[in-house]
Amino acid sequence: MKFNVNNSGISMTVGASSQFPKDPRPEIALSGRSNVGKSSLINTLLGRKSLARVSSSPGKTITINYYGIDNKFYLVDLPGYGYAKRSQKSKKSWSSLTEDYFLKNPSADAIKLVIQLIDIRTGPTEDDVLMINFLISNDIPFTVVATKTDKLSKAQLAEALSELDKNYFGEAGIEVIPFSSVSRDGKDLLWSVISDALN
């Protein structure tokens, strides 16, 4: 599938399962904890500075944002999870909405890939592991992206990636894509993975 990333913008914001779009466009979803860098990743992928707003208050977004890419597919920004200061009511709200996105979505068959973000500095949190296990148990295709690689030295990055491979993903054959919204490292590789999923 060929597409022009310059022809992109936010198409809709969904706060309830009844609002999920019913058109057949393929969807690439982004999942991760609050403040892991989803908005920055979206802006980097699309070559925009502020299309996806980077919140100064982690955990603020509890809606699902759909970004239309060249009228060909959606990038779907799921609510961030794991923010301790969020109220129990809002935690239930986002978790229910996220679960509905996968399990009660009329366009669930259009979900071609989930980009699961983790912070390279901390590795997978308990919530990340729960999310990954959810994706595996429901046979939802996903790839893992390790964000904020620019925060580490080359030696630290190599060690962190080795730890991820040894302790979490290597045995399962899951590739981890190192990514930085500052240096744009990993951008081309991630687009390649997205294109493969769309095709």
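The structure under discussion appears in the preceding block.
Here the structure is a predicted model, which means the values were calculated and not measured. Every chain is numbered on its own, with residues counted from 1 as its sequence reads. Reporting of local features is limited, given that this is a predicted model, to residues whose pLDDT is at least 70; pairs of side-chain atoms are given and counted only at 80 or more, and all residues count toward the totals for whole chains, interfaces and linings. For side-chain calculations, the full set of non-hydrogen atoms in the structure is used, while hydrogens and water are omitted.

Relative accessibility thresholds used throughout: buried, under 20% of the residue-type maximum; exposed, over 50%; partly exposed, between the two (1.4 Å probe, protein chains only). In this description a helix means any DSSP run of H or I spanning at least four residues, a strand means any run of E spanning at least two, and both kinds are numbered starting from the N terminus. If you check which residues of helix α4 (residues 154-169) are buried, you get Ala160, Leu164 and Phe169. Projected down its long axis, α4 carries its buried residues within an arc of 75 degrees, all on one side. Exposed side chains of α4 directed beyond 90 degrees from the buried face belong to Ala155, Glu159 and Lys166. As used here, the arc is the angular range of directions from the helix axis to the C-beta atoms.

We now examine the nonpolar core. Judged by nonpolar contacts, the single largest core of 29 residues is most densely connected at Ile64, Tyr101 and Phe102. Of all the secondary structure elements, the ones that give two or more residues to this core are β3 (64-69), β4 (73-77), α2 (88-103), β5 (111-119), α3 (126-137), β6 (142-147) and α4. Considering every element that reaches this core, the biggest residue donor is α3, with 4 residues. Setting aside residues up to four positions removed in sequence, phenylalanine 102 forms contacts with Leu78, Ala108, Ile111, Val114, Met131, Phe134, Leu135 and Ile140. For this analysis, a nonpolar core means a set of buried residues of the types Ala, Val, Leu, Ile, Met, Phe, Trp, Tyr and Cys, connected via side-chain atoms within 4.5 Å. One finds Phe73, Ile177, Leu190 and Leu198 within the second-largest nonpolar core, a separate group that totals 23 residues. We call two residues in contact whenever any of their non-hydrogen atoms come within 4.5 Å of each other.

Our focus in this paragraph is the sheet that holds β5. Pairing between two strands requires that DSSP report at least two bridges joining them. Here we have 7 strands laid out as an open sheet, ordered β1-β3-β4-β2-β5-β6-β7, and mixed in their pairing. Each edge of the open sheet is held by one strand with a lone partner, namely β1 (8-14) and β7 (176-178). Adjacent strand axes in the sheet meet at a mean angle of 25 degrees, parallel and antiparallel pairs treated alike. Relative to β5, strand β2 (residues 27-31) runs parallel, the two sharing 5 bridges. Of the residues in β5, the one forming a bridge with glutamate 27 is isoleucine 111. To get an axis, a line is fitted to the C-alpha atoms, and for a helix only the part in contact is used. The angle between two axes follows their N-to-C directions and goes from 0 to 180 degrees.

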